[in-house]
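# Geometric and topological summary
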Amino acid sequence: MTDPKRLLAQFRRDGFAVVPPMTPPEIWGPLTEELPAVLAEEGPQRFFEEDGTTVRAVYGLHRRGGPWQALAEASPLTALARLFLGEDMYVYQWKVNPKAARRGDRWQWHRDFDFWRAADGMRRPAALTAAVFLDEVTEENGPLRLIPGTHTDRPAAAASAGNDGSDGSDGNTGGGAGGGGWAWITSSRNAYALPDPSTEELARTRGVHEATGPAGTVVFFHGNLVHSSGPNHSPHTRTLALISYNAVSNAPPADHPAARQDLFLNHDAKPLPVGDA
Ligand code: SIN
Ligand code: MN
């Protein structure tokens, strides 16, 4: 196991830490068996690529229990997430992005906190995501791209337009079917993307880390970190399990006008029990 103190120092400095396979296959393996059924399940939790048929994202996995809950609560994950956050936390959002072979499209540069603040009324970026690789991730199949140090930039400095989704409309007509008013969040051309030229410039100055590795690798990244991923040009899927943990003290107000339904977001901010890192 990689030294937690070193990982914490890295997370504080860069806003992310990539940990080589840390969750044993017994924990994430059962997810890959259930995944085809989860991707096939119809409903507003499921979002598509622009072709309207390839699944791009499935939300609401905090509601599934079984191996989904087991992974989100697995002690190697929660111990590091708790260490990085420095506060009691709960599972805020739990989704899978399957990025299909040859058809999975890019995710533009963005900060998750910009979405969470606009959509849910989250107050501080006291949240992070653990991205667990359910497939091997290579330079060809659309790895996460992270710009080190951007987690301490002022939030939302360059975020573009606002569509809070509350009117039930799809803020981006090309964003694919499903999800009622929330397709703008998952679209490859979404409303809160950071402007490409200025972010590419930022990427050139600060550098970009492409997070690759075997299945079971975990990338922890801060809620305010600028990140993206390219299209999948390879013949292999690039499935990421994305479990976002939020500090209990940072739970969005229950009366936020545009609060997403429980189908997308966990409103139960009960602290997770956590073991030692
Ligand atoms: C990706 O699946 O590559 C992007 C994940 C995200 O930003 O939510
Ligand atoms: Mn993101």
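Quick notes on the rules
- Residues numbered from 1 in each chain as written.
- Chains lettered and ligands numbered in written order.
- Predicted model: local features only at pLDDT ≥ 70, side-chain atom pairs only at ≥ 80, totals over all residues.
- Heavy atoms only, no water.
- Helix = DSSP H or I, 4+ residues; strand = E, 2+ residues; numbered from the N terminus.
- Polar contact = N/O pair within 3.5 Å; in protein donor to acceptor, adjacent residues only side chain to side chain.
- Contact = heavy atoms within 4.5 Å.
- 1 Å grid on protein atoms, 1.4 Å probe; cavity = no way out; pocket = protein on both sides within 12 Å on 5 of 7 lines; lining within 4 Å.
- Points joined across faces, edges and corners; volume = space filled by probe spheres on them.
- Nonpolar A, V, L, I, M, F, W, Y, C, P; charged D, E, K, R; others polar.

## Focus on unusual backbone geometry
In this model, Lys 99 sits at a positive phi of 30 degrees, which is unusual for a non-glycine residue. Relative to the elements of secondary structure, Lys 99 occurs in the loop between β4 (89–97) and β5 (107–110). Phi at Arg 102 takes a positive value of approximately 65 degrees, unusual for a residue other than glycine. Note that Arg 102 resides in the loop between β4 and β5.

## Some details on the side chain of His 110
Note on placement: His 110 falls in strand β5. Reaching out from His 110, the side chain makes a polar contact with the side chain of Asp 112 at a distance of 3.1 Å. Once residues lying within four places of it in the same chain are set aside, the contact partners of His 110 are Phe 115, Tyr 192, Ala 193, Leu 194, Leu 225, Val 226 and His 227.

## Examining the layout of surface pockets
Computed from the structure, the largest pocket encloses a volume of approximately 300 Å³. Surrounding the largest pocket, 16 residues form its lining, His 62, Gln 69, Glu 73, Asn 266 and Leu 272 being those nearest its centre. Sorting the residues of the lining of the largest pocket by element identifies α3 (66–72) and β4 as the ones contributing at least two each. Partitioned by chemical class, the residues of the lining of the largest pocket number 9 nonpolar, 4 polar and 3 charged.

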